[in-house]
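What the coordinates show
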Amino acid sequence: MKSSVITFPGSNCDRDMDVALKKFGFKNKMVWHADAELPKSDLVVLPGGFSYGDYLRCGSMASKSKIMRSVINFANSGGMVMGICNGFQILVETGLVPGVLLRNKFLEFICKNVFVKINDKKNKYFKNVDNEVLEFHIAHNEGNYFCTNDQLKEIEDNNQIAINYCDENGKIEDQFNPNGSLKNIAGIFNKEKNVLGMMPHPERMIDRSLSGEDGSLFFKNLINNLK
Amino acid sequence: MKISVIITLKKDVLDPQGKVIHQTLDGMGFQDINEVRQGKYFEIDTKETDNDKAKAKVEEMCKKLLANLVIENYKIIDPK
């Protein structure tokens, strides 16, 4: 399986993602934002970080960069595109997934482990994951998911919510919402579910000695689903 | 020609920064404020000399980059 990780000026989780993808069997290539062409890929990842210094709105500049035209075409033709953290912010700015990510409700940068409940398994990202709840890491200032009422209705009707913030038992409540996100949304799909944007970083949970291994579950499963 | 644009958050969108500014102003003694909403201001100096054409171009910029229409409104100030 071939993957590509896009590096924008200010990306800082691109190499972590590279390590994670390779660890679970992907042949990964790093792709510079100013390149026009995407290498042949089964999966494209927009990594976390602070592309373009978060100027204007997080992800807004990166969403207009040269490589993104190819990424958008790839996604529109059914290619798997996953945006993590800043990558999620870039995805919403391209319009590939609906909504926006606002400043965290309590105006603080949040850096901690959280639990997320998988809402939908009828997709290549979460199909066959045994667990209902995963422990991931979040680190962001703008992760407060918001969309219009019409968009929310569409998202819910199409079952586009991927994961919700919850407690360790999978209870989705306000008190387990770290950033004020609408309906505790931590990640969403496009309508066709080939594009996934999420705030948590699975690539930070691939080693027991560092933090945990729920990211390992995610990546192992992902590569199997793509085969 | 210089054209200015003001971007504001839509009415229903939470503005935590505006809220904190409001609270701080309150604490400073400015106690008759109903609400504070924070926005952005741009000055775009364009080579275009035709008023209407310049405004149309800036409107396109607003829609494509300067504003996110899910949460923000834009207002183009007439060039002087």
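Residues numbered from 1 in each chain as written. Chains lettered and ligands numbered in written order. Predicted model: local features only at pLDDT ≥ 70, side-chain atom pairs only at ≥ 80, totals over all residues.

Further remarks concern the overall build of chain A. Within chain A, the secondary structure is distributed over 5 helices and 11 strands. Computed over the C-alpha atoms, the radius of gyration of chain A is 16 Å, within 12% of the 17 Å expected from 2.2 N^0.38 for a compact globule of 227 residues. Dimensions of chain A along its principal axes, counting C-alpha atoms only, are 45 × 35 × 35 Å. Taken over 227 residues, chain A has a buried fraction of 51%. Across chain A, contacts joining residues at least 24 apart in sequence account for 75% of those joining residues at least 6 apart. (Helix = DSSP H or I, 4+ residues; strand = E, 2+ residues; numbered from the N terminus. Rg over C-alpha atoms; globule rule 2.2 N^0.38 Å. Buried ≥ 20, exposed ≤ 12 C-beta atoms within 10 Å, placed from the backbone. Contact = placed C-beta atoms within 7 Å.)

This part takes up the sheet that holds strand 3 (residues 72-77) of chain B. Residue and element names in this part refer to chain B. One open sheet holds the 3 strands; their spatial order is 2-1-3, and the pairing between them is antiparallel. Looking at which strands have only one partner, the edges of the open sheet turn out to be strand 2 (39-45) and strand 3. Neighbour-to-neighbour, the strand axes of the sheet open up by a mean angle of 20°, direction not taken into account. Pairing between strand 1 (residues 2-9) and strand 3: 6 bridges, direction antiparallel. Pairing of Ile7 across the sheet is with Tyr74, part of strand 3. Contacts from helix 2 (residues 51-66) reach strand 1, strand 2 and strand 3, with the element oriented near 35° to strand 1. (Pairing = 2+ DSSP bridges. Axes fitted to C-alpha atoms, helices over the stretch in contact; angles between N-to-C directions.)

Residues and elements named next belong to chain A. Among the residues of helix 2 (residues 66-76), those classed as buried are Ile67, Met68, Val71 and Ala75. Each buried residue of helix 2 lies within a common arc of 95° when the element is viewed along its axis, so the set occupies one face. In helix 2, the exposed positions angled more than 90 degrees off the buried face are occupied by Lys66 and Asn73. Turning to helix 2, the residues buried within the fold contact strand 1 (2-7), strand 2 (27-32), strand 3 (43-46), strand 4 (80-84), helix 3 (86-94) and strand 11 (195-198). Following helix 2 by one or two positions, Gly78 has its phi on the positive side, about 100°. (Arc of directions from axis to C-beta.)

Once that is clear, we can look at the sheet that holds strand 11 of chain A. Residues and elements named next belong to chain A. Strand order across the open sheet formed by 9 strands is 2-1-3-4-11-10-9-6-7, with mixed pairing between neighbours. At either end of the open sheet lies a strand with only one pairing partner, and these are strand 2 and strand 7 (133-140). Each strand of the sheet is rotated relative to its neighbour by a mean of 25°, with strand direction disregarded. Taken together, the 8 bridges between strand 6 (residues 110-118) and strand 7 define a ladder with antiparallel strand orientation. Its bridge partner being in strand 7, Val116 is matched across the sheet by Leu134. Sitting on the sheet, helix 3 is in contact with strand 3, strand 4 and strand 11, with an inclination near 120° to strand 4.

The next point concerns the interface of chain B and chain A. In many reports, interface size means the accessible area that the parts give up when they come together. Between chain B and chain A, the contact holds 9 residues from the first and 12 residues from the second. Residue contributions to the side of chain B that touches chain A peak at 3 residues, all from helix 1 (residues 16-27) of chain B. Of the residues belonging to the side of chain B that touches chain A, the class tally is 7 nonpolar, 2 polar and no charged. (Nonpolar A, V, L, I, M, F, W, Y, C, P; charged D, E, K, R; others polar.)

The next thing to look at is the pairing of strand 1 of chain B. Bridge count between strand 1 of chain B and strand 2 of chain B: 7 bridges; the pairing is antiparallel. Paired with Lys2 of chain B across the two strands is Asp45 of chain B, which belongs to strand 2 of chain B.

Residues and elements named next belong to chain A. One non-glycine residue with positive phi stands out, namely Tyr52, at about 50°. In this structure, Tyr52 sits in the loop between strand 3 and helix 2. The class for Tyr52 is buried, based on 22 C-beta atoms found within 10 Å.

All names here are of chain A. Taken across its 5 residues, strand 4 has 5 buried, putting it largely inside the fold. Alternating residues of strand 4 divide into Met80, Met82 and Ile84 and Val81 and Gly83, and every residue in both groups is buried. Here strand 3 pairs with strand 4 via 4 bridges, running parallel. The partner of Leu43 across the bridge, within strand 4, is Met80. Pairing geometry for strand 4 and strand 11, over 4 bridges, is parallel. Bridge assignment links Val81 to a residue of strand 11, and that residue is Val195.

Let us look at the environment of Leu222 of chain A. Residues and elements named next belong to chain A. In this structure, Leu222 sits in helix 5 (residues 214-226). Judged by C-beta crowding, with 27 C-beta atoms within 10 Å, Leu222 ranks as buried. Separated by 167 residues in sequence, Leu222 and Tyr55 have C-alpha atoms that sit 32 Å apart.

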